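Here is how the chains run, residue by residue.
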Amino acid sequence: MAAPLVLGILVAVTVRAVLYRSSLAGFISERVEVASPLNAWKRVVEGLALLDLGVSPYSGDVFHETPLIIYLFHFLIEYSELVFMITDVLTAVALYLAVQDFNKVVFKKQKLLIELDRYASDVAELIRTPMEMHYIPLKVALFYLLNPYTVMSCVAKSTCAINNTVIAFFILATIKGSTLLSAIFLSIATYQSLYPLTLFAPALLYLLQRQFIPVKLKSKDFWLYTTQYAALYLCSLVVIVCLSFFLLNSWDFIPSVYGFILSVPDLTPNIGLFWYFFAEMFEHFSLFFVCVFQINVFFYTIPLAVKLKEHPIFFLFIQLAIISIFKSYPTVGDVALYMAFLPLWSHLYRCKFFVFDSSHPHPHSPWGTLNSNTTDVYCVTYTLYISLLQILLISDYFYAFLRREYYLTHGLYLTRKDGTEAMLVLK
Amino acid sequence: LLFSCLVFLKGVGTVERKNLSEDQAEQFFRSGHTNNWAVLVCTSRFWFNYRHVANTLSVYRSVKRLGIPDSHIVLMLADDMACNPRNPKPATVFSHKNMELNVYGDDVEVDYRSYEVTVENFLRVLTGRIPPSTPRSKRLLSDDRSNILIYMTGHGGNGFLKFQDSEEITNVELADAFEQMWQKRRYNELLFIIDTCQGASMYERFYSPNIMALASSQVGEDSLSHQPDLGIGVHLMDRYTFYVLEFLEEIHPASQTNMNDLFQVCPRSLCVSTPGHRTDLFQRDPQNVLITDFFGSVRKVEITTETVALDPNLVGLETRVPNDEMATEPLKYAEQLPVAQIIHQKPKQKDWHPPGGFILGLWALIIMVFFKTYGIKHMKYIF
């Protein structure tokens, strides 16, 4: 399996290298779907230039990256293209290894449940076989590498790629079962952009599952492990934040990075939901609505945790998708990350409501071109359309997943009490 | 004996006379100024601001009468009162009630008229930054031996003077313009007179040497106009300039009246506002400054029939400083071209480097985590 992966990596690297040398690179890096104020490359360059001039890069509203990125790129700025290609490759490899391990776990669990006779009798066609699962890791890695969104975001040198790498490593560490590494990578991911905080819950659930600790509120083991994990996470977060203080000897980065993410002052159009709403809002209400919107991102964690506690990786996937739809400055790089997981759930095709292809319709963006009200409306409707598609996709997968679980336990051909065929309805 | 005494005395007398004319000849080289210029500005338009035009024209008249030619006067009038359709006596601008004095005459040369009187043009005239197409009559071609009189009138406030109802010049701008003039060596001495409300605020910010300033009112006070003329229907002059004009009418090119007398013109009883003056930037004592040094263009010409031997060294010139002059530090001009700075470029800024503590801490943490996850046993493979 390594050979096809290596081949895939080579192809992806070639594609990116070709695009770097072409004229599309400049064009793509200007697009707002790819480069947001948080992760645009020209802002990184600007911040480093300010630093060379002796000024704090966080002065003026230009640079919103964390100090670790400053440290990373201070030495690597000439090789930035290589760096981004390597990060993409690392992400793909990490996802590959993670999914490989995960498949083993899924298979083991399935075997256990069959032996425990938990499944209904006629669900043979829903059981997953190793044959079909053999190519999933490769598919995942290739999905990530060759996804046009990823390629675009790599060519635009958006630091979203670095965020994705950290999250991929976090997923790898979680699936491998290492508490320490998982906590550390999660804290780095949270430190980079605030939203991976919500991934704490699925990771915790998965690690508990691995340790065979049942999630009961009264269980001492549960609380012990949870506090252990939470402590590791928080401590490493604190350590990283303090370390980044020592980089520039100032706490400037906190309002610049986290204040910026949370209070959303920059309202240039992007594929998210925040900008249009806040562009037309009275100042009086903006604080309230900022809070509402931010809570919206974090809000789905608890209900999903309750519903999906048996299936933490699916929960992780849904959570990733929710983050990338509802975060304050989404870009296509975030979308590419959760889209890479779609092959994992391709077995749900039977139960799907809508048939979505893994690629969305191509965005033709009118943003850079016209400056009129019509563009505004067009942008907004387009943005909303993209978000709607994503939400529909996610809810569709969710629904399909739940349906499959229901079928597994209750049999594929549902009969009502009186023997007629029944339909499963999501209430 | 008596004859020898007479001869001796005669010899002494001739020697004395010779010394006197030598003194007088040497005095010719004493003063730093060789020519005079005047910039007279009226900044308000509209018929009811007749008095500002009349003010400026009165000063123009005095200055011309005392010898400054039109080529050395830059006259800026923001509106045409003489040919204004509301003027019942066209082609005249009166400065005295009962129409006694027509300051307009038939030899008035207005250099900047009507809408050309703007802050930009005024500053360009002062600093000399004029487009090459500007005619000579619109230029202030002064050099470092010119004494310049600048007279401004109009509506003003604390720190500003209004031009044409649409823009303002601030005291800071004016001070900077004078500093530019000083650095470009465009004046020897400068007399600045302003007749507006709160006029003293306009000279508060001067910082260039050799400027003397007069104003018609202090900060917080209004300058008032003199009398309305019922025949013309507007106020003809402002009080301060009216009394200055009266004062100047007494001056002739040979008068020895000095600045201190000008400071006494228009006391509070006559002017209602308190005129102010500023002499701290001026090198000479105002007592020694003649009115004609600024208001006139007086050539010191004395005809003598005897030959005077001038000492080419003129050693005594520097040491002959009158006792009552202020001892100031020698003036120096700013460096026109900072050659030293250009030759030795600024050293290149050192690039920023992350602090050592940070790098150490980060890598120590990374190594710690690595060993924690993979076990200490790997250490022996590394070391």
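Residues numbered from 1 in each chain as written. Chains lettered and ligands numbered in written order. Predicted model: local features only at pLDDT ≥ 70, side-chain atom pairs only at ≥ 80, totals over all residues. Heavy atoms only, no water.

The name an unreviewed UniProt entry gives chain B is GPI-anchor transamidase, with Chelydra serpentina as the organism. Taken verbatim from the UniProt record of chain B, the Subunit (unreviewed entry) comment is "Heteropentamer. Part of the GPI-anchor transamidase complex, consisting of PIGK, PIGT, PIGS, PIGU and GAA1. Interacts with GPAA1. Interacts with PIGT; this interaction, via a disulfide link, stabilizes the expression of GAA1 and PIGK and links them to PIGS." Regarding chain B, the UniProt comment filed under Pathway (unreviewed entry) reads as follows: "Glycolipid biosynthesis; glycosylphosphatidylinositol-anchor biosynthesis." (UniProt positions renumbered as here; feature names shortened; annotations may be inferred.)

An unreviewed UniProt entry lists chain A under the name Phosphatidylinositol glycan anchor biosynthesis class U, with Chelydra serpentina given as the organism. Under the UniProt heading Pathway (unreviewed entry), the note attached to chain A is "Glycolipid biosynthesis; glycosylphosphatidylinositol-anchor biosynthesis."

*Asks:* What am I meant to see in the pattern of salt bridges here?
*Replies:* A side chain with one charge may pair with a side chain of the opposite charge, provided their charged atoms come close. Residue and element names in this part refer to chain A. What the rule picks out here adds up to 19 salt bridges over all chains. With its nearest N and O atoms 2.8 Å apart, the salt bridge here joins Arg16 to Asp88. Of the two residues, Arg16 is situated in helix H1 (residues 2-21) and Asp88 in helix H5 (residues 80-115); the sequence distance between them amounts to 72 residues. Asp101 serves as the salt-bridge partner of Lys176, at 3.4 Å between the closest nitrogen and oxygen. Here Asp101 lies in helix H5 and Lys176 lies in helix H9 (residues 160-176), a separation of 75 residues in the sequence. (Salt bridge = Lys/Arg side-chain N within 4 Å of Asp/Glu carboxyl O. Helix = DSSP H or I, 4+ residues; strand = E, 2+ residues; numbered from the N terminus.)

*Asks:* For this particular structure, what's the right way to read the packing of helix H8 (residues 148-155) of chain A against helix H18 (residues 332-339) of chain A?
*Replies:* The angle between the axes and the distance between the axes are what describe a pair of packed helices. All names here are of chain A. Packing of H8 against H18 brings their axes to within 8 Å, and their N-to-C directions diverge by 140 degrees. As the angle between them shows, H8 and H18 are arranged oblique. As H8 packs across H18, the resulting crossing turns out to be left-handed. Of the residues in H18, those touching H8 at Tyr149, Thr150, Met152 and Ser153 are Val332, Gly333, Val335, Ala336 and Met339. Residues belonging to the contact of H8 with H18 are distributed by class as follows: six nonpolar, three polar and no charged. (Axes fitted to C-alpha atoms, helices over the stretch in contact; angles between N-to-C directions. Parallel < 35°, antiparallel > 145°, perpendicular 65-115°, else oblique. Left-handed = near helix turned anticlockwise from the far one by under 90°. Contact = heavy atoms within 4.5 Å. Nonpolar A, V, L, I, M, F, W, Y, C, P; charged D, E, K, R; others polar.)

*Asks:* What is the right way to read the state of the cysteines from this model?
*Replies:* Here, disulfide denotes a covalent bond that connects the sulfur atoms of two cysteines. Residue and element names in this part refer to chain B. Counted by the stated rule, this structure contains one disulfide over all chains. Across a sulfur-sulfur distance of 1.4 Å, Cys266 and Cys271 are joined as a disulfide pair. Handedness here is read from the sign of the S-S torsion; for Cys266 and Cys271, about 90 degrees, the answer is right-handed. With respect to class, Cys266 is no different from Cys271; both count as buried. (Disulfide = S-S within 2.5 Å. Buried < 20%, exposed > 50% of the residue type's maximum accessible area, 1.4 Å probe, protein only.)

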